[in-house]
Amino acid sequence: MYSYVPKNESRRFRIFCSDKLNLLKQDLKNKGYEVDFYLVGSGMKNLVTRNENESFDLDYNIEFLNVSISQLNPQELKNYIMSFLNKIIVENEPVFRNCQDSTSAITSRLVFDGKLQFSFDVAILAKNKDGDFCRLIHNKKADENSYHWDKIPKSKKVYKRFEKLKSAGHFNELRDTYLDKKNFYLIHNDHYHSSFTIFKETVNQTWSKYYRS
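We now turn to the structure provided with this report. Being a predicted model, the structure only gives us computed values, none of them experimental.

This part covers the overall build of the protein chain. Of regular secondary structure, the protein chain possesses five helices and nine strands. Along the protein chain, helices and strands appear, N-terminal first, in the series β-α-β-β-β-α-β-β-β-β-β-α-α-α. By the compact-globule yardstick of 17 Å for 213 residues, the protein chain fits well, its C-alpha radius of gyration being 17 Å. Each principal axis of the C-alpha distribution contributes one length, and for the protein chain these read about 45 × 45 × 35 Å. Evaluated residue by residue, the protein chain yields a buried proportion of 48% over its 213 residues. By sequence separation, contacts in the protein chain at least 24 residues apart represent 63% of the contacts at least 6 residues apart. Accessible area for the protein chain stands at about 11700 Å²; split by element, carbon and sulfur atoms hold 46% of it. Across the protein chain, 34 positive and 27 negative side-chain charges occur, with their mean positions spaced 6 Å apart.

Right, here's the structure in full:
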């Protein structure tokens, strides 16, 4: 079952990830892209979870801010980001394995003495013309070269709603609901709900409890 990782335990890994993703952010800026990266749930550093005694991971979004998805080539973009992360991570931290290309994210794993110690996932996001978040997907089951942008329904207002709920004193309820949902999908062996999708469901469910629109 999932539980929360204490902030002091995850802190050094957050610093590590931020250092590397800042290098990526600067590199993309040099290429004309304005991007931002953040932990799933924005600044929710105390929503890091771990499944019992297993290693834990950090889930990041990289959001492209100044371009529409029609201007981005998803295959070239994902391959470039993976290559860049491999270069800056593996050269300096040899215990980190090369990035793995999962369906909806890029994963880098820290392995020490043959045991997985930590990993971080990076999902690539951009907004469509309606303002909804879209996630870069590599559907390898369909075709090795099948890349596309997958709309995340009801995601447009998720961060504004989260901030309002948090300021209204509902943060602990958000934490409890998020953890309950993580464990629900774990029990049902459902691996298709990403952390961001669960976060979105948590915010929208809590929002509907207190607000009409």
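Between two packed helices, the angle of one axis relative to the other and the distance separating the axes together describe the packing. Closest axis-to-axis distance for the helix 4 (residues 171-187)/helix 5 (residues 195-210) pair is 9 Å, and the angle between their directions is 130 degrees. One element, helix 4, and the other, helix 5, form an angle in the oblique class. Both helix 4 and helix 5 take part in a crossing whose hand is right-handed. Contacts between helix 4 and helix 5 pair E173, L174, T177, Y178, K181, K182 and Y185 from the former with S195, I198, F199, E201, T202, V203, Q205, T206, K209 and Y210 from the latter. In the contact of helix 4 with helix 5, the residues fall into seven nonpolar, five polar and five charged.

Attention shifts here to the layout of surface pockets. Put simply, the largest pocket is a space of about 1400 Å³. Together, 49 residues line the largest pocket, and D121, H191, H193, S194 and S195 are the ones closest to its centre. Residue composition of the lining of the largest pocket, by class: 16 nonpolar, 18 polar and 15 charged.

Another point: helix 1 (residues 7-30). The end-to-end C-alpha distance of helix 1 is 33 Å, a good match for the 34 Å that 24 residues give at a rise of 1.5 Å each. A maximum bend of about 25 degrees is found in helix 1 at F13. Within the span of helix 1, buried status applies to S10, F13, R14, F16, C17, K20, L21, L24, D27 and L28. A positive phi of about 95 degrees marks G32, the residue just after helix 1.

Moving on, we come to the packing of aromatic side chains. Inspection of the entire model under this criterion finds 16 aromatic pairs. Following the ring pairs from residue to residue traces out a cluster consisting of Y38, F133, Y159, F162, F196 and F199. Sitting over the ring of F133, K127 keeps its end group 4.9 Å from the ring centre. The side chain of R175 reaches across the aromatic face of Y4, ending 4.1 Å from its centre.

Evaluation of the coordinates by the stated rule reveals one cavity of 30 Å³ or more. Of the voids in this model, the largest cavity is the one considered here, and its volume is about 120 Å³. Around the largest cavity sit 12 residues that line it, and V40, L47, V48, D59 and Y178 are the ones nearest its centre. Of all elements in the fold, only strand 4 (56-64) and helix 5 reach the threshold of two or more residues within the lining of the largest cavity. It is strand 4 that contributes the most residues to the lining of the largest cavity, three residues altogether. The residue inventory of the lining of the largest cavity, partitioned by class, reads eight nonpolar, two polar and two charged.

When you line up the elements, D132 lands in the loop between strand 7 (115-127) and strand 8 (133-138). Once residues lying within four places of it in the same chain are set aside, the contact partners of D132 are A126, K127, K151, I152, K154, S155 and K156.

Next up on the list: the nonpolar core. Core analysis: the biggest nonpolar cluster contains 38 residues, and L58, F64, L85, F118 and F120 have the highest contact counts within it. Put simply, the parts of the chain that give this core at least two residues each are helix 1, strand 2 (35-39), strand 4, helix 2 (74-90), strand 6 (106-112), strand 7, strand 8 and strand 9 (147-151). The element contributing the most residues to this core is helix 2, with seven residues. In contact with F64, not counting residues within four places along its chain, are L28, Y33, E34, V35, L72, L77, I81, I124, L125 and A126. Of all hydrophobic cores here, the second largest spans 21 residues; its members include V158, Y178, I198 and F199.

Conventions and cut-offs
Each chain has its residues counted from 1, following the order in which its sequence is written. Residues qualify for local features only when their pLDDT is at least 70, as the model is predicted, and side-chain atom pairs are given and counted only at 80 or more; totals for whole chains, interfaces and linings, by contrast, use all residues. Side-chain figures throughout are based on the complete set of non-hydrogen atoms in the structure, without hydrogens or water. The way it works is that DSSP assigns letters per residue, a run of H or I at least four long becomes a helix, a run of E at least two long becomes a strand, and they are numbered from the N terminus. Note that the radius of gyration is over C-alpha atoms, with the globule rule given as 2.2 Å times the number of residues to the power 0.38. Burial classification: accessible surface area is computed with a 1.4 Å probe over protein chains only, and a residue below 20% of its type maximum counts as buried, one above 50% as exposed, and the rest as partly exposed. Any two residues having at least one pair of non-hydrogen atoms within 4.5 Å are treated as being in contact. Using the Shrake-Rupley algorithm and a 1.4 Å probe, accessible areas are obtained, with residue cover drawn only from the displayed protein chains. Positive charges come from Lys and Arg alone, negative charges from Asp and Glu alone, with His and the N- and C-terminal ends not counted. Each charge is placed at NZ for Lys, CZ for Arg, CG for Asp and CD for Glu. Angular values range over 0 to 180 degrees, each being the angle between N-to-C directions of two axes fitted as lines to C-alpha atoms, with helices fitted over their stretch in contact. Each angle gets one of four labels, with under 35 degrees taken as roughly parallel, over 145 as roughly antiparallel, 65 to 115 as roughly perpendicular, and the rest as oblique. For a crossing to be left-handed, the near helix must be turned anticlockwise from the far one by less than a right angle; the clockwise case is right-handed. Each residue receives one of three labels: charged for Asp, Glu, Lys and Arg, nonpolar for Ala, Val, Leu, Ile, Met, Phe, Trp, Tyr, Cys and Pro, and polar for the others, Gly being one of them. Every definition here rests on a 1 Å grid over the protein atoms only: cavities are sets of points where a 1.4 Å probe fits but cannot get out, pockets are open sets enclosed by protein on both sides within 12 Å along at least five of seven lines, and lining residues have some atom within 4 Å of a point. Grid points are joined across faces, edges and corners, and a volume is the space filled by probe spheres set on the points. By this rule, a helix spans an expected 1.5 Å times one less than how many residues it contains. Here the bend at a residue means the angle between the axes of two seven-residue stretches, the one that ends at it and the one that starts at it. Here is the rule: rings of Phe, Tyr and Trp (six-membered ring for Trp) pair when centre to centre is within 6.5 Å. Planes less than 30 degrees apart are stacked, more than 60 are edge-to-face, and the remainder are tilted. Charge-over-ring placement is defined geometrically: NZ (Lys) or CZ (Arg) within 6 Å of the ring centre, and within 35 degrees of the ring normal. Take the buried Ala, Val, Leu, Ile, Met, Phe, Trp, Tyr and Cys residues and link them wherever side-chain atoms come within 4.5 Å; each set so joined is a nonpolar core.

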